[in-house]
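Spelled out from the first residue to the last, the chains are:
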Amino acid sequence: MTRLRIAFSEAATSFGGQEQYIFKVMCGLRERGHDVQAICQPHAKLAQRLQDDGFVVHTLLTDGFVNYVKGVVRLRRLFIEQGFDVVNTNSRRDTMLVGVAARLAGVPLVVRSRHLAKRVGSLLSYTVVPHAVIACSQYVRNHLIERGAAPDKVKVVYPGIDLNNWPTGSTLRSELKLAENDVVIVSVAVMREQKGHRVLLEAVEPLIRARPNVHLVLVGSGSPLMETLQDIVQEKGLARRVHFLGTRQDVPQILNGSDIFALATETEAIGAVFAEAQASGLPVIGTRVGGVPEMMLENETGILFALRDVAALTSALQKLLDNPVLRRQMGVAGRRFVYEAHRYDLSTMASSTEQAYLNWLGRRNWSSS
């Protein structure tokens, strides 16, 4: 097997879905025998996570013109000295710094990963600086091609989840002091307006009022929306039935203790949490936006509804609440879908990324791109 020297870069300092994707694929590629390093800002949470896991991390500031020029010069020297085969950037800012340095250093393959669903403006950081693009969903790939990217230079690599170490059991019901016949609707998402928490609350409210055993569990945090939602729940008198768990590191076991997963997101490039929910055997309900439809088999493992359609979401939830047999059937089908398709395995994520690199490196036309 060809051993590659690969550098990943990320300019952001937070640790959200994009950074989790980078961390996972780096771990997977390292396990496949490649030399994988990273380029981050010194105060980035991703940098610390990677260093704690034994990765070599090169740090530099990316703000301002002076730091930009210094960064390009320093990284060009680094890429030449260490002979990297691949540099994989992950956002516009680091593409225009790290990617430019890589091109100036003559790195054989510069790849840009696209993690977002929003419309692409300039194609400069997709078709001029990088040689090729990895998209996190077919939806994102299609959008890039529509905007002018060459189809043979855009490859889909879905985010992976650790199915080999998926936990069994759950402490959720004992934590919340729920009865055996209580039905838990769970949603996992950072608390931003685009994640649709208000729509979900509005859709769940009549169901909670009509059924004494229905609970809504919200996993995730984010100010000021979390505080606003808590105030709304308190004012409506639903505080005993709507549970805010904040940010959790044990999401799989929370999913294991739930009955239905629902996310009313307004925009989503892919939505890996839908795969996680199905891995726990839950039927899933999601908005028909972005890459969400790619994460389930409609009407077999999950139900899709139109953007901001509260009535449709209420109807989908009611359908599953009314029919425990259907819940179990869809949950079993979802678990089988995730495990048997191998689309969302960590190993598939790494091997697909590796194969994309090798295929692109094997071509002879980069000099004319």
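The protein is annotated in an unreviewed UniProt entry as Glycosyltransferase family 1 protein from Neopusillimonas maritima.

Engineer: What exactly am I supposed to notice about the pairing of strand β5 (residues 109-114) here?
Structural biologist: Regular strands place side chains that alternate from one sheet face to the opposite one. Burial within β5 is extensive, with six of its six residues counted as buried. Taking every second residue as pointing to the same face, both faces of β5 are buried, with Leu109, Val111 and Ser113 on one and Val110, Arg112 and Arg114 on the other. When strand β4 (residues 86-89) meets β5, the two strands line up parallel, connected through four bridges. Within β5, the residue paired with Val86 across the bridge is Leu109.

Engineer: What is the right way to look at the UniProt feature "domain: Glycosyltransferase subfamily 4-like N-terminal" (unreviewed entry) in the protein in this model?
Structural biologist: Within this numbering scheme, the UniProt entry marks residues 15-164 as carrying the feature "domain: Glycosyltransferase subfamily 4-like N-terminal" (unreviewed entry). Along residues 15-164, the helical share is 46% and the strand share 18%, with 23 Å between the first and last C-alpha atoms.

Engineer: Can you walk me through the side chain of Lys195 in this structure?
Structural biologist: Tracing the backbone through its elements, the reader meets Lys195 in the loop between β8 (183-188) and α8 (197-210). The buried category is assigned to Lys195, whose relative accessible area is 13%. Aside from chain neighbours lying at most four places away, what touches Lys195 is Ala189, Val190, Leu263, Ala264, Thr265 and Glu268.

Engineer: Help me out: how do you make sense of helix α6 (residues 138-147) in this one?
Structural biologist: One turn of the α-helix equals 3.6 residues, which is why residues spaced by three or four share an orientation. Turning to α6, its buried residues number three or more, namely Val140, Arg141, His143 and Leu144. The buried residues of α6 occupy an angular sector of 160° when projected down its axis, which confines them to one face. For α6, the elements touching its buried residues are β5, α5 (124-128), β6 (132-135) and β7 (154-156). Phi for Gly148, located one or two positions after α6, is positive at around 125°.

Engineer: Honestly, the packing of helix α1 (residues 17-31) against helix α2 (residues 45-52) in this entry has me stumped. Any pointers?
Structural biologist: Packed helices, taken two at a time, are described by the angle their axes make and the gap between the axes. Contact geometry of α1 with α2 gives a least axis separation of 10 Å together with a crossing angle of 20°. When the axes of α1 and α2 are compared, the pair comes out roughly parallel. The two elements α1 and α2 meet at a crossing, and its hand is right-handed. Contact residues: α1 offers Glu19, Ile22, Phe23 and Met26, while α2 offers Leu46, Arg49 and Leu50. Among the residues forming the contact of α1 with α2, the class breakdown is five nonpolar, no polar and two charged.

Engineer: Would you mind going over a nonpolar patch on the surface with me for this structure?
Structural biologist: There is a patch of nonpolar side chains on the surface, built from Phe65, Val66, Val69 and Val73 and spanning about 390 Å² of accessible area. As for its placement among the helices and strands, Val66 is situated in helix α3 (residues 65-82). Residue classification places Val66 among the exposed residues on the basis of a relative accessible area of 52%.

Engineer: So what exactly am I meant to see when it comes to the pattern of salt bridges here?
Structural biologist: Where charged atoms from two side chains of opposite charge come close, those side chains can pair. Per the stated rule, a full pass over the model turns up 14 salt bridges. Residue Glu266 is joined to Arg308 by a salt bridge in which the shortest nitrogen-to-oxygen separation is 3.3 Å. Remark: Arg308 occurs in the loop between β13 (302-305) and α12 (310-322) and Glu266 occurs in the loop between β11 (260-263) and α11 (272-279); sequence separation between them is 42 residues. Here the salt bridges share partners, and the residues they tie into one network are Glu175, Arg248 and Asp250.

Engineer: Where do I start with empty space enclosed by the protein in this structure?
Structural biologist: Rolled over the atoms, a probe with the dimensions of a water molecule shows which regions are left empty. Inspection of the entire model under this criterion finds one cavity of 30 Å³ or more. Surrounding the largest cavity, Ser9, Glu10, Ala11, Ile39, Cys40, Leu60, Thr62, Asp94 and Val98 form its lining. Residues that form the lining of the largest cavity fall into these classes: five nonpolar, two polar and two charged.

Engineer: Is there a simple way to explain the sheet that holds strand β1 (residues 5-10) in this structure?
Structural biologist: Note: strands within a sheet are paired through backbone hydrogen bonds, in either parallel or antiparallel orientation. Spatially, the seven strands line up as an open sheet ordered β3-β2-β1-β4-β5-β6-β7, and their pairing is parallel. Each edge of the sheet is formed by a strand with only one pairing partner; in this case those strands are β3 (56-59) and β7. Across this sheet, the average inter-strand angle for adjacent strands is 25°, counted without regard to direction. Looking at chain direction, strand β2 (residues 35-40) and β3 are connected through four bridges and run parallel. Each bridged residue has a counterpart across the sheet, and for Ile39 the counterpart in β3 is His58. The strands that α1 touches are β1, β2 and β6; relative to β1, the one it contacts most, it runs at about 170°. The strands that α3 touches are β1, β2, β3 and β4; relative to β3, the one it contacts most, it runs at about 150°.

Engineer: Any chance you could explain the confidence of the model for the protein here in plain terms?
Structural biologist: Detailed reading of the predicted coordinates is not advisable wherever pLDDT falls low. Residues at a pLDDT of 70 or more form 98% of the protein, whose mean pLDDT is 94. Long-range and interchain partners of residues 364-369, a stretch whose pLDDT sits below 50, account for ten contacts in this model, where long-range means more than four residues apart.

Engineer: Sorry if this is basic, but what is going on with the domain arrangement of the protein here?
Structural biologist: Accessible area lost when the parts come together is the quantity often used to give the size of an interface. Assigned domains within the protein: domain 1 (5-160 + 345-362) and domain 2 (171-341). Measuring from the centre of the C-alpha atoms in domain 1 to the corresponding centre in domain 2 gives 32 Å. Across the domain 1 to domain 2 interface the summed buried area is about 680 Å²; carbon plus sulfur atoms make up 62%. For domain 1, the biggest contributors to the area lost against domain 2 are Ala117, Tyr139 and Pro159; these three give 49% of the whole. Applying the counting rule to domain 1 against domain 2 returns zero salt bridges.

About the cut-offs
Residues numbered from 1 in each chain as written. Predicted model: local features only at pLDDT ≥ 70, side-chain atom pairs only at ≥ 80, totals over all residues. Heavy atoms only, no water. Buried < 20%, exposed > 50% of the residue type's maximum accessible area, 1.4 Å probe, protein only. Helix = DSSP H or I, 4+ residues; strand = E, 2+ residues; numbered from the N terminus. Pairing = 2+ DSSP bridges. UniProt positions renumbered as here; feature names shortened; annotations may be inferred. Contact = heavy atoms within 4.5 Å. Arc of directions from axis to C-beta. Axes fitted to C-alpha atoms, helices over the stretch in contact; angles between N-to-C directions. Parallel < 35°, antiparallel > 145°, perpendicular 65-115°, else oblique. Left-handed = near helix turned anticlockwise from the far one by under 90°. Nonpolar A, V, L, I, M, F, W, Y, C, P; charged D, E, K, R; others polar. Patch = residues over 30% accessible without salt bridge, like charges linked within 9 Å, V, L, I, M, F, W, Y side chains within 5 Å. Areas by Shrake-Rupley, 256 points an atom, 1.4 Å probe, with all protein chains shown as cover. Salt bridge = Lys/Arg side-chain N within 4 Å of Asp/Glu carboxyl O. 1 Å grid on protein atoms, 1.4 Å probe; cavity = no way out; pocket = protein on both sides within 12 Å on 5 of 7 lines; lining within 4 Å. Points joined across faces, edges and corners; volume = space filled by probe spheres on them. pLDDT = per-residue confidence, 0-100. Domains from an automatic or database assignment. Buried area = accessible area lost by both parts, 1.4 Å probe.

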